[in-house]
Structures are given as C-alpha cells and as structure tokens.
Amino acid sequence: MVFVYTGKGRRQAQKDDAPPEQRKCAKQACAIQWCLAKRDHKEHLCQNFIDDWQDCCEKARAAAALEALASSPSTGGKIADGNGAK
C-alpha cells in the first residue's frame with residue numbers, strides 16, 4: 001500500500017510571534033512537503049523546492065534585520081551607509 005498525500009490535514013493558525021521566515025515562506029515550505037509526498041520522500045528530487053525555501057528564508061531574515069535596525073532607537077531610525085555617514 002502506498003501513501004498518497006491528499007492535502008486534507010488540519011490547518012492551524014499561524015502564531016503572531018512566529019519567526020519572519022516561517023510567516024513569509026510558508027508557501028515554499030508547503031511546496032517542499034507536497035513534493036516530498038509525491039516523490040516518495042526522496043529529497044534529491046525536490047532540491048529545487050528546498051533551494052527556493054532557503055532563499056526565501058535568507059531574504060526574510062535579512063529584511064527583518066534591516067527592519068529591526070531601522071526601528072532601533074540607537075540609530076534614530078537611520079541606517080548608516082558604508083562610509084560611516086547617516
């Protein structure tokens with residue numbers, strides 16, 4: 001008997017305090033799960049989905065870091081450029 005993913009699992013609401021990559025990259029994470037289920041959990045067959053998810057996570061973390069830096073009271077809301085000027 002072969003297990004076939006039907007996508008009818010229970011869904012849970014995403015928490016407000018979830019990490020940025022979890023909130024912004026849920027579509028890519030679901031694509032990985034779908035691919036693995038369809039391809040007998042052979043990771044090498046889903047590598048392009050995994051790479052997309054990793055790229056999304058890196059971008060989400062970088063955006064969150066910039067946002068945190070921009071809203072930091074120590075920088076006054078300004079981000080210094082590479083020459084030390086604000």
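Bear in mind that the values here come from a model prediction, so they are computed numbers and not experimental data.

**Points about the state of the cysteines**
Line of reasoning, step 1. Overall, the coordinates contain two disulfides when judged by the stated rule.
Line of reasoning, step 2. Between the sulfur atoms of Cys25 and its disulfide mate Cys56 the distance is 2.0 Å. Residues Cys25 and Cys56 share a disulfide whose torsion about the S-S bond is about -95 degrees; that sign makes it left-handed. In this pair, Cys25 is assigned in the loop between helix H1 (20-24) and helix H2 (26-38) and Cys56 in helix H3 (residues 47-70), connecting sequence segments 31 residues apart.

**Topic: the packing of H2 against H3**
Line of reasoning, step 1. Where H2 meets H3, the closest approach of the two axes is 9 Å, and the angle between their N-to-C directions is 165 degrees. Between H2 and H3, the angle is such that the two are roughly antiparallel. Considering only the axes of H2 and H3, their crossing is left-handed. Facing H2, whose interface residues are Gln28, Ala29, Ala31, Ile32, Trp34 and Cys35, H3 presents Phe49, Ile50, Asp52, Trp53 and Cys56.
Line of reasoning, step 2. Tallied by class, the residues present in the contact of H2 with H3 amount to nine nonpolar, one polar and one charged.

**Some remarks on the environment of Gln28**
Line of reasoning, step 1. Within the secondary structure layout, Gln28 lies in helix H2.
Line of reasoning, step 2. Once the C-alpha coordinates of Gln28 and Asp51 are considered, the two residues, 23 residues apart in sequence, prove to be 9.4 Å apart.
Line of reasoning, step 3. Once residues within four sequence positions are removed from consideration, Gln28 is found in contact with Asp52, Trp53 and Cys56.

**Side note on H3**
Line of reasoning, step 1. Over its 24 residues, H3 runs 34 Å from end to end, which matches the ideal 34 Å to within 8%, given 1.5 Å per residue.
Line of reasoning, step 2. Among the residues of H3, those classed as buried are Ile50, Cys56, Cys57 and Ala60.
Line of reasoning, step 3. Those residues of H3 that are buried lie in contact with H1 and H2.

**Regarding H2**
Each α-helix winds once per 3.6 residues, and so residues spaced three or four apart point in a common direction.
Line of reasoning, step 1. Here H2 spans 18 Å end to end across 13 residues, near enough to the 18 Å set by a 1.5 Å rise per residue.
Line of reasoning, step 2. Within H2 the residues assigned to the buried category are Ile32, Cys35, Leu36 and Ala37.
Line of reasoning, step 3. Those residues of H2 hidden inside the fold are in contact with H3.
Line of reasoning, step 4. Where H2 terminates, the next one or two residues include Asp40, which has phi positive at roughly 55 degrees.

Calculation rules
- Residues numbered from 1 in each chain as written.
- Predicted model: local features only at pLDDT ≥ 70, side-chain atom pairs only at ≥ 80, totals over all residues.
- Heavy atoms only, no water.
- Disulfide = S-S within 2.5 Å.
- Helix = DSSP H or I, 4+ residues; strand = E, 2+ residues; numbered from the N terminus.
- Axes fitted to C-alpha atoms, helices over the stretch in contact; angles between N-to-C directions.
- Parallel < 35°, antiparallel > 145°, perpendicular 65-115°, else oblique.
- Left-handed = near helix turned anticlockwise from the far one by under 90°.
- Contact = heavy atoms within 4.5 Å.
- Nonpolar A, V, L, I, M, F, W, Y, C, P; charged D, E, K, R; others polar.
- Expected span 1.5 Å × (residues − 1).
- Buried < 20%, exposed > 50% of the residue type's maximum accessible area, 1.4 Å probe, protein only.

Taken by themselves, the reported measurements are silent on function.
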